[in-house]
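# Structural features, examined
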Amino acid sequence: MSTIIAPSILAADFANLERDIKLIHDSKAEWVHFDVMDGLFVPNISFGFPILQAVRKHTNKFIDVHLMIVQPEKYIKEFAKQGADGISVHYEGNLHIHSLLQQIREEGVKAGLVLNPHTPISLIKDVLHLVDTLLIMSVNPGFGGQKFIPETVKRVEEAKKLCDELNPNTIIQVDGGVNVENAPLLKAAGARSLVAGSAVFKSSNPTQYIQQLLEA
Ligand code: DX5
Ligand code: ZN
């Protein structure tokens, strides 16, 4: 099974968003990663609905919405309506994970669960049957361009074991500091989807870089 590359538009040039979406659209990347930050859940603010609409207008690829916001239950319906194909929520800071995952699925989109670097993988075992995408953060969420946390590789291996046992359909995804150097390690550990922002958009040839991530 080939790797699903999910370029993060957090690193795109917002003054040339149409160009950058088109670049992803015409590339081998299957997903577009869309980071929503509210300045409360993480110490940074990114973008929301109007930008999602703009992205949706220029691609029919899978839009993978990563919510780094408090009270995501209030906004899931709207994100689904505005064009998200998958919505991921954090394990941390949410009291009712089971219900959140159900809520996402009820909107007819793929349900994702995200784990920060400190959260034990084993905590998710009783909801894994509801998880379409398990996102293992490889940086602390909030900013693009951070350094990859090497311990992530072991965590992906652990997640892969758990998924093989409890829900082999779950797509394991990694987000933060992903590049062509760590991509092979992550794939070997069991990651099926790789998010990459800076590495793609700061490279001299983003289209080619996406291809390199795919083949790494
Ligand atoms: C970080 C975001 C990431 C970010 C990744 O909180 O969740 O998706 O865009 O960016 P890079 O690839 O630059 O680390
Ligand atoms: Zn993200």
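The numbering scheme is per chain: residues are counted from 1 as the chain's sequence reads. Whichever chain is written first is A, and whichever ligand is written first is 1; the rest continue in order. Where local features are concerned, this predicted model is filtered to residues with pLDDT of at least 70; where side-chain atom pairs are given and counted, the filter is 80 or more; whole-chain, interface and lining totals use all residues. Here the side-chain values reflect all heavy atoms present in the structure, with hydrogen atoms and water set aside.

### Here we look at the coordination of the zinc ion (ligand 2)
Selection criterion: The rule for donors is simple: N, O or S, within 2.8 Å of the metal, or within 3.2 Å if the metal is Na, K or Ca. Water isn't counted, so a site may look like it is missing partners. Angular criteria define each label, namely tetrahedral for four donors with all angles between 85 and 135 degrees, square planar for four and octahedral for six donors with opposite donors over 155 degrees apart and remaining angles between 65 and 115, and irregular for whatever fails these tests. The secondary structure listing takes helices from DSSP runs of H or I that are at least 4 residues long and strands from runs of E that are at least 2 residues long, numbered from the N terminus. Relative accessibility thresholds used throughout: buried, under 20% of the residue-type maximum; exposed, over 50%; partly exposed, between the two (1.4 Å probe, protein chains only).
Looking at the zinc ion (ligand 2), the protein donor atoms are His 33 (NE2), Asp 35 (OD), His 66 (ND1) and Asp 175 (OD), and they sit 2.0 to 2.2 Å from it. Coordination at the zinc ion (ligand 2) is octahedral: its six donor atoms span angles of 70 to 168 degrees at the metal. The sequence motif formed by the donor residues of the zinc ion (ligand 2) is H-x1-D-x30-H-x108-D. Here Asp 175 lies in strand S7 (residues 171-175) and Asp 35 lies in strand S2 (residues 31-37), a separation of 140 residues in the sequence. With a relative accessible area of 4%, Asp 35 lands in the buried category. On the accessibility criterion, Asp 175 (8% relative accessible area) is buried.

### Quick look at the site of ligand 1
Quick note on the threshold: Note on terminology: near, applied to a residue and a molecule or strand, indicates that one of the residue's heavy atoms is within 4 Å of it. Here a polar contact is recorded for every N or O atom pair within 3.5 Å, except that within protein the pair must consist of a potential hydrogen donor and a potential acceptor, and residues adjacent in sequence are included only if both atoms are side-chain atoms. Every accessible area reported is derived by Shrake-Rupley at a probe size of 1.4 Å, with residue values counting cover from the shown protein chains alone.
Around ligand 1, the surrounding shell holds 20 residues, and the nearest of these are Asp 35, Gly 145, Asp 175, Gly 197 and Ser 198. Note that an oxygen atom of ligand 1 is positioned 2.4 Å from one of the side-chain N or O atoms of Ser 198. Taking 380 Å² as the accessible area of ligand 1 by itself, protein coverage stands at 99%. Going through the elements one at a time, S2, strand S3 (62-68) and strand S8 (193-196) are the ones with two or more residues in the shell around ligand 1.

### Describing the side chain of Thr 59
Within the element layout of this structure, Thr 59 appears in the loop between helix H2 (49-58) and S3. Residue Thr 59 is classed as buried on the basis of its relative accessible area, which comes to 6%. Here the side chain of Thr 59 touches Lys 61 through a polar contact of 3.0 Å, landing on its backbone nitrogen.

### Brief notes about the nonpolar core
Formally: The term nonpolar core refers to a set of buried residues drawn from Ala, Val, Leu, Ile, Met, Phe, Trp, Tyr and Cys, joined through side-chain atoms within 4.5 Å. By definition in these notes, contact holds between two residues if any of their heavy atoms fall within 4.5 Å.
Ranked by size, the top nonpolar core spans 62 residues in total, and within it Ile 9, Phe 34, Val 65, Leu 67, Ile 87, Leu 134 and Leu 186 carry the most contacts. Among the elements that take part in this core, helix H5 (residues 152-166) stands out by supplying five residues, more than any other. Those residues in contact with Ile 87 that sit more than four places away from it in its chain are Val 65, Leu 67, Ile 76, Phe 79, Ala 80, Ile 104, Val 109, Lys 110, Ala 111 and Gly 112. Counting six residues, the second-largest nonpolar core is a separate cluster that includes Ala 6, Trp 31, Phe 62 and Ile 171.

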